[in-house]
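If you want the building blocks of each chain, they are given just below.
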Amino acid sequence: MFRCARAFSTSPLFKYAAMTCRQYSFQVFRDVPPLRQMRRQLLLDRKTVGFVPTMGALHEGHLSLIRQAATENTDVFVSIFVNPTQFGVNEDLSSYPRTWDSDVAKLEELNDEFARLGGDTGRISAILAPTPKVMYPTLPPSSEVDGDGSFVTITPLSRKLEGASRPVFFRGVATVCMKLFNIVQADRAYFGQKDVQQTVVIKRLVQDFYINTDIVIGDTVREHDGLAMSSRNVYLGARRRAVGLVIYDALKAAENAYNSGKLARSEILDAANGVASRVLSEQQALSPSERALYEVDYISLADPDTLDEVETIDPSKGAIISGAVKMVPLEESKPGEDCGLGDGKVPVRLIDNLIFKPRP
Ligand code: PAF
């Protein structure tokens, strides 16, 4: 519910109403010109803007990026936009969680937290929550591989890893981020390490198109046992949530191999694949009402800049170990079982990565 902005979005007064809304501690913008007006004023006032792009369904990972942005800027802009062009035609665009009310409540709580810290920190001053028509003003947003539209493609990075299974994903991400960067003109933009390939693609976008925004990468925020936080975790339910930890355990096994001095691809990947196959065999031995099955899409050992697969890690550069696992729908549920949003019927793609730091 866009309490303030919605009422005025079709009115000529909207431009001004969006600028004077007082119902939230930040201003909510559905359109570009009034946000630009605010941005221009902040520039004239020598304020700095940190930008956190999101698709909503905010969790602790987003909040930690916003906290970081508030320590490094006077003003934080957050976008909430479920971007259609990064979902393939058969992907979960329609079922992607949309949680406006709880998102706004979390952002209000953050501003209360920043206010308690006094003048030592910035605050969230703008939320950009545009419609698809605002973000794609001329042609409807296409999710087809050969669809028409004004797109930004970053190759070959976008074809690797996640891009191999999701051919339009990084085209959609790069396109929407280019639009958002042009709109917000932030001093800094914040992305989570969890989506490591996204961070590499965005850094390349900023470099190749001379975008005047620094990219800051925040650490992956994890649950107590190590599962990386993700908006999609709400679909897991207890059983798939417990088994889904396999992705983190597999990557940790690879990290242990690297930390113990191993550099060869086969030794590092054997450690990770060993965990992934053992856990799968354990699950397969259980009955359908007890088990949670998954398919490993990839486990990759790659160069941190190019994402090319490496045969032997160059210890002066380090590497990225990353993986993707699809938790398949539950075959049978038990009465009263917590199966997550969608009753355990929604497949859930989990991705994660660890950075192997360079070592002397
Ligand atoms: O990471 C995300 O949530 C999205 O890919 C992003 C960067 C907001 C672009 O839609």
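Reading guide: rules and limits
- As a convention, each chain's residues are numbered from 1 in the sequence order in which they are written.
- For a predicted model such as this one, the threshold for reporting local features is a pLDDT of at least 70, and the threshold for listing and counting side-chain atom pairs is 80 or more; totals across whole chains, interfaces and linings nevertheless cover every residue.
- Note: side-chain values were computed over all heavy atoms of the structure, leaving out hydrogens and water.
- Runs of H or I in DSSP of at least four residues are treated as helices and runs of E of at least two as strands, each being numbered from the N terminus.
- Working definition: with a 1.4 Å probe on protein chains only, accessible area under 20% of the residue-type maximum means buried, over 50% means exposed, and in between means partly exposed.
- The contact rule is simple, with two residues in contact once any of their heavy atoms fall within 4.5 Å.
- Whether a residue is near a molecule or strand depends on its heavy atoms: it is near if one of them lies within 4 Å of it.
- Here a polar contact is taken to be a pair of N or O atoms separated by no more than 3.5 Å, where protein atoms must pair a possible hydrogen donor with a possible acceptor and residues adjacent in sequence count only if both atoms sit in side chains.
- Residue exposure ignores everything except the shown protein chains as possible cover, and the areas themselves are Shrake-Rupley values with a 1.4 Å probe.
- When residues are grouped by polarity, Ala, Val, Leu, Ile, Met, Phe, Trp, Tyr, Cys and Pro land in nonpolar, Asp, Glu, Lys and Arg in charged, and all others, Gly among them, in polar.
- Put simply, buried Ala, Val, Leu, Ile, Met, Phe, Trp, Tyr and Cys residues joined by side-chain atoms within 4.5 Å make one nonpolar core.

J.: Quick question: what am I supposed to make of the overall build of the chain here?
T.: The helix and strand tally for the chain stands at twelve helices and nine strands. In terms of principal-axis extent, the alpha carbons of the chain reach across some 65 × 55 × 50 Å. Relative to its 360 residues, the chain shows a buried fraction of 54%. Restricting the contact set of the chain to residue pairs at least 6 apart, pairs at least 24 apart contribute 75%.

J.: Would you mind showing me how to read the site of the ligand here?
T.: Around the ligand sit P53, T54, M55, N83, Q86, V173, V176, F191 and Q198, and those are all the residues in its vicinity. Q86 places a side-chain nitrogen or oxygen 2.7 Å from an oxygen atom of the ligand. In the environment of the ligand, an oxygen atom lies 2.7 Å from a nitrogen or oxygen atom belonging to the side chain of Q198. Within the complex, the protein chains bury 88% of what would otherwise be the 290 Å² of accessible surface of the ligand. Counting residues per element, the ones that place at least two in the shell around the ligand are β2 (49-54) and α8 (169-184). Classifying every residue of the shell around the ligand gives five nonpolar, four polar and no charged.

J.: Just to check I follow, could you spell out the nonpolar core for this structure?
T.: Looking at soluble globular proteins, one finds that nonpolar side chains tend to be buried together. The biggest cluster of nonpolar side chains holds 45 residues, and the ones touching the most others in it are F51, F77, C177, F181, V184, I202 and L205. Looking at this core, the elements that each hand over two or more residues are α3 (32-44), β2, β4 (123-128), α8, β5 (188-192), α9 (196-208), β7 (294-302) and β8 (319-327). Ranked by residues supplied to this core, first place goes to α8 with eleven residues. Setting aside its immediate chain neighbours within four residues, C177 contacts F191, I202 and L205.

Note that every value here comes from positions in space, so none of it alone points to a role or purpose.
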